[in-house]
Amino acid sequence: MNKPVSLIIADDHTMFLYGLAAALAAGTDLTVVGQARDGPSLMLLVERERPDVVLTDLDMPPVDGTSAIFGITGAYPDIPVLVLSMHSGDEEVLGAIRAGACGYLLKGAVRDEIVQAVLVVAAGGTVFGSVVGRRFGGQSRPLLH
């Protein structure tokens with residue numbers, strides 16, 4: 001049996017964070033090892049837990065998610081960061097990618113899509129959900145590399 005992928009989840013909406021953690025941990029190959037509600041807490045958790053993947057939102061005052069992504073990828077280049085956000089604008093998506101995110105999904109993604117995306121980035125791939133993929137890559141299906 002393969003070792004479960006360890007995951008830290010970050011989102012400033014408490015109930016969304018709890019629900020996402022429960023959904024991803026139940027019956028998957030993922031183990032949620034930490035939850036953060038803001039960028040500074042996320043950085044501390046990553047330093048302490050050294051997860052296989054970080055799944056983060058972009059809106060997490062006082063530090064925005066893009067800055068947190070840049071901090072994580074700068075300090076821990078071997079830990080892939082996957083964004084799960086409600087924002088699909090060019091500025092947000094490209095900002096996250098420039099900061100080092102290796103994937104971007106919208107919060108409308110279903111559980112199985114999120115689980116698959118986490119597994120893909122944990123294995124060294126990149127993932128862009130179907131809406132983002134169509135917009136930036138001309139694809140009508142999720143981009144999984």
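Fair warning: this is a prediction, and the values are worked out from it, not measured in the lab.

An account of the overall build of the protein is requested, with residue identities and associated values reported.
Scanning the protein from N- to C-terminus turns up six helices and seven strands. When its helices and strands are written in sequence order, the protein yields β-α-β-α-β-α-β-α-β-α-β-α-β. Burial analysis of the protein (145 residues in total) assigns 44% to the buried set. A sequence separation of at least 24 residues applies to 61% of the contacts in the protein between residues at least 6 apart. Here the protein has roughly 7,100 Å² of accessible surface; of this, 55% comes from carbon and sulfur atoms.

Tell me about the packing of aromatic side chains, residues and numbers included.
A complete count under the given rule lists zero aromatic pairs for this structure. The lysine or arginine in question, K107, covers the ring of F16, its NZ or CZ lying 4.5 Å from the ring centre.

Go over the nonpolar core, please, and point to the residues and values.
In this structure, L42, V46, V54, I69, V83, A96 and Y104 are the most contacted members of the largest nonpolar core, which totals 23 residues. The set of elements that each furnish at least two residues to this core consists of β1 (5-10), α2 (39-49), α3 (65-75), β4 (81-85), α4 (90-99) and β5 (103-106). When near neighbours in sequence (up to four residues on either side) are disregarded, A96 contacts L58, T66, I69, V83, A101 and Y104. Membership of the second largest hydrophobic core comes to 22 residues, among which are I9, V115, V118 and V121.

Lay out the pattern of salt bridges with the relevant residues and their values.
Between side chains of opposite charge, a pair can form as their charged atoms come close. Throughout the structure, instances matching the rule amount to five salt bridges. The partner of K107 in a salt bridge is D57, with the nearest N and O atoms 3.3 Å apart. Here K107 is found in the loop between β5 and α5 (111-122), whereas its partner D57 is found in the loop between β3 (53-56) and α3, with 50 residues between them in sequence.

Describe the environment of L45, with residues and values.
Mapped onto the elements, L45 comes out in helix α2. Given a relative accessible area of 8%, L45 falls into the buried group. The spatial distance from the C-alpha of L45 to the C-alpha of I8 is 7.6 Å, given a sequence separation of 37 residues.

Which residues make up unusual backbone geometry, and what values go with them?
The backbone phi angle of R50 is positive, close to 45°, even though this residue is not glycine. Position of R50 relative to the elements: it lies in the loop between α2 and β3. Taking the relative accessible area as the measure of exposure, R50 reaches 49% and is therefore partly exposed.

Reading guide: rules and limits
Residues numbered from 1 in each chain as written. Predicted model: local features only at pLDDT ≥ 70, side-chain atom pairs only at ≥ 80, totals over all residues. Heavy atoms only, no water. Helix = DSSP H or I, 4+ residues; strand = E, 2+ residues; numbered from the N terminus. Buried < 20%, exposed > 50% of the residue type's maximum accessible area, 1.4 Å probe, protein only. Contact = heavy atoms within 4.5 Å. Areas by Shrake-Rupley, 256 points an atom, 1.4 Å probe, with all protein chains shown as cover. Phe/Tyr/Trp six-rings, centres within 6.5 Å; stacked < 30°, edge-to-face > 60°. Lys NZ or Arg CZ within 6 Å of the ring centre and 35° of its normal. Core = buried A, V, L, I, M, F, W, Y, C linked by side-chain atoms within 4.5 Å. Salt bridge = Lys/Arg side-chain N within 4 Å of Asp/Glu carboxyl O.

Spatial relationships are all this shows, so hold off on functional conclusions.
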